[in-house]
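Notes for the structure review
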Amino acid sequence: MRFYEINGGTLKVDGHPIDTVTRDSLRGNLGMVLQETWLKAGTVADNIAYGKPDATREEIIDAAKRARAHSFICRLPNGYDTEVAEDGGNISQGQRQLLAIARAAVADPPVLILDEPTVGLDPTQLMEVRNLILDLRRNHAIILSSHILGEISAVCDRIVIINHGEIKADDTIERLEEADNSGLVLKLKIQGSSREVPKIARAVEGVVRVDNIQFVQTGIYTYDIELENDGVRNALLSALLQHGLEVLEVSAEKKNLEQVFVKLVNQKTKHSSPVSY
């Protein structure tokens, strides 16, 4: 948005250095939804049209439909003419977020910037916003800023990890996982003592940790067991069987995304090339 000028490196938009693009041109092609949703005192329609002051009622409704806000707006006392308090206190956090996205969408910019769009939402609202982002990215470039790793991996096809102004990684989540040598986590369902299983597992070379022990039924528990690499799995299962424990289920292994990201943030910078969107 060029609120600040860059003082190092290169940032390009459509191949052009950002400092050669006028602010008006740049901002006319960007829509932004901030973490702290701001609404002005006025009607729902007024708040959506703030993104395009000359928007027609049809354009406002179309933007609300694309933002999946139309349904809840129609349930308000006066629909699009319902008055909204300046702090948005008379509608929910999830509804305020959808209105903010509709406001950004009404001008239909090619690029949408979403800053922590799911913070403070309940599970139902979170899934609604997540599906909305997946739908919007079909025809828009989405730049999403988030510290919630599950949201990043669910909706982003390219991830840039930045720490103190340095790009630590820039790739797809699949390639970041493949390039990292962090351990795997297996979820095992085992019949046997919940005290004995962790002791046996930890004695196997290559087992990093055993945690998230969950009771299923008498004598049966599930365990999350992190391994240094996939080669440790057979040794672990053999050790459990040798001690007379019955492994009832081995779920598909999953990458510990949090550890992958933490490791990438802390590694020495490898990416110094310009970033272009």
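Up top is the structure.
As the structure is a prediction and not an experimental result, all values here were calculated from the model. (Residues numbered from 1 in each chain as written. Predicted model: local features only at pLDDT ≥ 70, side-chain atom pairs only at ≥ 80, totals over all residues. Heavy atoms only, no water.)

Focus: the overall build of the protein chain
Along the protein chain, the regular secondary structure elements total eleven helices and 15 strands. Burial status across the protein chain gives 40% buried among its 277 residues. If you take every contact in the protein chain between residues at least 6 apart in sequence, the share linking residues at least 24 apart comes to 70%. (Helix = DSSP H or I, 4+ residues; strand = E, 2+ residues; numbered from the N terminus. Buried < 20%, exposed > 50% of the residue type's maximum accessible area, 1.4 Å probe, protein only. Contact = heavy atoms within 4.5 Å.)

So, the environment of Q93
Examined against the element boundaries, Q93 turns out to sit in helix 5 (residues 93–105). What makes Q93 partly exposed here is its relative accessible area of 24%. Residues Q93 and T37, spaced 56 residues apart in sequence, show a C-alpha to C-alpha distance of 8.4 Å. Of the polar contacts made by the side chain of Q93, one reaches the side chain of R96; its length is 2.6 Å. (Polar contact = N/O pair within 3.5 Å; in protein donor to acceptor, adjacent residues only side chain to side chain.)

Quick look at the pattern of salt bridges
For side chains of opposite charge, pairing can occur when their charged atoms come near one another. What the rule picks out here adds up to twelve salt bridges. With a shortest N-O distance of 2.9 Å, K52 and E59 are connected by a salt bridge. The class of E59 is partly exposed, set by a relative accessible area of 27%. For the salt bridge of D211 with R209, the shortest nitrogen-to-oxygen distance reads 2.4 Å. Look at R209 and you get partly exposed, because its relative accessible area is 25%. Where salt bridges share partners, they join R2, E5 and R23 into one cluster. (Salt bridge = Lys/Arg side-chain N within 4 Å of Asp/Glu carboxyl O.)

Remarks on the pairing of strand 6 (residues 111–115)
The buried count for strand 6 comes to four of five residues, which makes it a mostly enclosed element. Two elements, strand 3 (residues 30–33) and strand 6, share four bridges in a ladder whose sense is parallel. Bridge assignment links V33 to a residue of strand 6, and that residue is L114. Pairing of strand 6 with strand 7 (residues 141–145), which is carried by five bridges, proceeds in the parallel orientation. Residue pairing in the sheet places D115 in a bridge with S145 of strand 7. (Pairing = 2+ DSSP bridges.)

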